Amino acid sequence: MDPIISLTDLTVCYGTNRALTDFSADLYRGDFVALLGPNGSGKTTILRSIAGFVKPTAGSIRVFGNDATGGIGKEIRKNIGYVPQAHTIDPRAPFSVADVVAIGRFGAAGMGRRLSPEDKKLIQRSLRDTGIAPLADRPVGHLSGGERQKVQIARALCQTPQVLLLDEPTAHIDVKTQDELMDLFKNLHDEHGITIVLVMHDIHNLPTQCNRSIILSHGRKVYDGSARGISPRAILSHLNGSRSAQRVQKTATAAEGRRRHG
Amino acid sequence: MGELFGLTFIQHALLACLFGGGGLSIIGVYVVLMDIPFLGISMAHAAFLGAMVSLLLGIDPLVGALVVCALSALVVGPTAEKARASSNVILAILFSATMGGGFLLMSFIPGPKSEALNLIWGSILTISRGEIWLLALLFVTVLLLLIIFFKELSAVLFDREIAASSGISDRMFYYGIIFFAALIISASLNIVGGLLIFTLLVNPASAAYQLTYKLKVMFFLAASFGIVSCLLGLVFSYFFNVPTGAVIVLASSLIFALAFVLSPKRRLARLA
C-alpha cells in the first residue's frame, strides 16, 4: 500500500532555532496516528508542514502522491482538514458558529460562487455529527473552549477530508468534554474512514483506535510504532529522560517492522 | 437648507461624503477585523508624502498619492502580514518617517501652500468632479467585490490560516484588500486630509463592531456611519464656519462613543 503522506528527512528551522531534525514517516490510509512529545518537540511543526503552512528547510513532503515540499495546492488542501490549537476569539467577533463551520465548504464551492444546496447539507450534517447543531446561531466568541474546538472540527469535517490533522484538540478542556471529543474522533475514524493525525499531550487519554504513536523529543523522532507497543509509563519515563532514547527506538523499529509486514 | 444643497460645490461634497465616507468605512471593516490599524495609518501618511512630491513636481497630487501609497502597500503589506509585535514598531517608524518627509517637502514648495495645507487638513468643499468620479468608481468596485467574494473575504477576516486550509487563496485576498485600501485612502485625501483620514477608516468600523454579531450588518453599519459622519461634518462646518475635516472626525468619534456606551455586546460578553 502506498503512503498517502510521506515525510522524508524533514528539517525545519525557524530562524536559528531548529524545530525538527531529519524527521521521516509514511502515513497510510486508515492510520490513526498520535504525535506525542513535550512542548517544543516539533509535533505542531510536523502537522503544519503536512498542512502546507510551514516550508521545510530540508527534506521532502509528498501528499496524495504529489510533491508538497514547497506548499500544497488548493485542490490537495481541500482533502486535508486542519484543526489548529485552540485560540481565544473576541467575544464581540461578528461570526456565528454556522458562519465558521461553513468556511469548510468555501474552497470546494469555488471562488465567487454561492454555496450549493449540497454544501448546505454537508454543513448541517457536520453541525449534527459534532453535536453543535443547537449552537449554530450563537456568536462563536461566546462558546466554551470545548465547544469552540467542536466548531473547528465541524468546519474541517464539512470539507469531507481524507485526512484530519488535529493539533492538541483536548488541551485546556474539562475531562467530560475530552471524552466526548475522543468518542467523536473514534467515530470519524471508524464510520467515516478518515485518516487521523492527532497531536497530544495527555498520553493516558490516547483513543483505543490509535494504531500508531510517534514520540518526539527535541525535534527528533525517538519512537515510531504501535500505539500499544509502548506503555504510557515507558513514554513518560523516556520523556522524563530516565530511559535511553536508543532503547525506545529499538522498540519502535521492531513495532514498525511488525506493522509493515503484518 | 434647500439653498445649501443647490450649490454645486456642496453637491460635490455630498457625493464625496457618500463615496469617500462609505468606501473608507468598508475598507475600515477589514482594517479593524484583521487588526492592522497601523497599516492604515502608514498608508495614509504615505499618500500624503506622495501628494507633496507631486506638488513639488507640479503634477496632480492625486497621482503622487496613488503611486507612493501603492508602493508603500508593497512594504507595509508583508510587514503587517508577519503579525508580530515588532511589525507594529516598523510600521510606526514608517508612518512617522513618511509624515516627516511630507512636511519637509512641503517646506520646499514655493509660494502659498494652501493646496498642501488642504491635503493635511482636508478640503471637501474644493473637491473636483474628476475626484468625485474616481471615488465613485472605487466605491462601486469595492462594493461589487465585497458582494461577489463575500464568503472568501469573511473567511479571511475570521482567520487567514483557516481560510487557507479550506482552499481559499488567502494571500490574494489580503493583498487585494491592501491594494484597494491604498487606492481609496489616496483618492479620499481631500475629504479629511492626510492627518485625519485614518479616523474615517477606523472609527465607523469600530462603532459598527460594537453593535452587531453579523458581518454583513457590520459592513452596512460601518458604511452608514462613515457617510453620516461626513454629512454631519459638512453641515456643521457650513453653519458654524469651522473646518469640515475636523468636524467629520469629531462626528465619527462621537458615533463610536455612543455605540460603545450603548453596545449590547458589552453586557453579553460579560455574561458569556
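Scroll up to find the structure this text is about.
Residues numbered from 1 in each chain as written. Chains lettered and ligands numbered in written order. Predicted model: local features only at pLDDT ≥ 70, side-chain atom pairs only at ≥ 80, totals over all residues.

1. Focus on the sheet that holds strand 9 (residues 212–217) of chain A
Residues and elements named next belong to chain A.
Then step 1. Across the sheet, which stays open at both edges, the 6 strands sit in the order 6-7-8-3-9-10 with mixed pairing between neighbours. The two strands at the open ends of the sheet, each matched to only one other strand, are strand 6 (80–83) and strand 10 (220–225). Each neighbouring strand pair of the sheet contributes to a mean axis angle of 15°, computed without reference to strand direction.
Then step 2. Pairing geometry for strand 3 (residues 32–36) and strand 8 (residues 195–200), over 5 bridges, is parallel. What sits directly across from leucine 35, in strand 8, is valine 199.
Then step 3. Packed onto the sheet, helix 6 (residues 175–192) meets strand 3, strand 7 (163–167) and strand 8 and runs at close to 155° relative to strand 8. (Pairing = 2+ DSSP bridges. Helix = DSSP H or I, 4+ residues; strand = E, 2+ residues; numbered from the N terminus. Axes fitted to C-alpha atoms, helices over the stretch in contact; angles between N-to-C directions. Contact = placed C-beta atoms within 7 Å.)

2. Considerations on the packing of helix 3 (residues 37–57) of chain B against helix 10 (residues 170–187) of chain B
When two helices pack together, their arrangement is captured by the angle between the axes and the distance separating the axes.
Residues and elements named next belong to chain B.
Then step 1. Axis separation between helix 3 and helix 10 bottoms out at 9 Å; the angle between their running directions is 50°. One way to sum up the angle between helix 3 and helix 10 is to call them oblique. Regarding helix 3 and helix 10, the two cross each other, and that crossing is right-handed. Counted together, Gly40, Met43, Ala44 and Ala47 of helix 3 and Ala181, Ala182, Ile185 and Ser186 of helix 10 form the full contact between these two elements.
Then step 2. Along the lines of polarity and charge, the residues of the contact of helix 3 with helix 10 split into 6 nonpolar, 2 polar and no charged. (Parallel < 35°, antiparallel > 145°, perpendicular 65-115°, else oblique. Left-handed = near helix turned anticlockwise from the far one by under 90°. Nonpolar A, V, L, I, M, F, W, Y, C, P; charged D, E, K, R; others polar.)

3. Looking at the interface of chain A and chain B
A common way to state how big an interface is: give the accessible area lost once the parts meet.
Then step 1. Taken together, the 24 residues of chain A in the interface contact 23 residues of chain B.
Then step 2. For the side of chain A that touches chain B, the secondary structure elements donating two or more residues are helix 2 (74–77) and helix 3 (97–109) of chain A.

4. Quick notes on helix 4 (residues 61–81) of chain B
Then step 1. An ideal rise of 1.5 Å per residue puts 30 Å on 21 residues; helix 4 of chain B measures up with 29 Å between its terminal C-alpha atoms.
Then step 2. Along its length, helix 4 of chain B reaches its greatest deviation from straightness, about 30°, at B:Leu74, and the proline B:Pro78 lies no more than four positions downstream. (Expected span 1.5 Å × (residues − 1). Bend = angle between axes of the 7 residues up to and from the residue.)

5. A short note on the nonpolar core
Then step 1. Formed by 168 residues in total, the largest nonpolar core has its most connected members in A:Leu165, B:Met43 and B:Ala47.
Then step 2. Counting only domains with at least three residues in this core, you end up with domain 1 (1–79 + 163–262) and domain 2 (87–160) of chain A.
Then step 3. Non-local contacts of B:Ala47, meaning those with residues more than four positions away in its chain, are made with B:Ala65, B:Val68, B:Cys69, B:Ile185, B:Ser186, B:Leu189 and B:Gly194. (Core = buried A, V, L, I, M, F, W, Y, C linked by C-beta atoms within 7 Å. Buried ≥ 20, exposed ≤ 12 C-beta atoms within 10 Å, placed from the backbone. Domains from an automatic or database assignment.)

6. Some words on the sheet that holds strand 1 (residues 5–14) of chain A
Residue and element names in this part refer to chain A.
Then step 1. Pairing is antiparallel across the open sheet formed by 4 strands, whose spatial order is 2-1-4-5. Pairing within the sheet leaves two strands with one partner each, and these edge strands are strand 2 (17–27) and strand 5 (66–67).
Then step 2. As judged from the 7 bridges shared by strand 1 and strand 2, these two strands associate in the antiparallel manner. The residue bridging cysteine 13 from the neighbouring strand is arginine 18, located in strand 2.

7. Re the pairing of strand 6 of chain A
Regular strands have side chains that alternate between both faces of the sheet.
Residues and elements named next belong to chain A.
Then step 1. Across the two faces of strand 6 the burial is the same, with Ile80 and Tyr82 and Gly81 and Val83 all buried.
Then step 2. Bridge analysis of strand 6 against strand 7 gives 4 bridges, and the strand direction is parallel. For glycine 81, the partnering residue across the bridge sits in strand 7 and is leucine 164.

8. Examining unusual backbone geometry
Residues and elements named next belong to chain A.
Then step 1. The backbone phi angle of aspartate 22 is positive, close to 45°, even though this residue is not glycine.
Then step 2. Along the chain, aspartate 22 falls in strand 2.
Then step 3. Exposure remark for aspartate 22: the 13 C-beta atoms within 10 Å place this residue in the partly exposed category.
Then step 4. Of note in this structure, glutamate 168 is not a glycine but carries a positive phi near 45°.
Then step 5. One can find glutamate 168 in the loop between strand 7 and helix 6.

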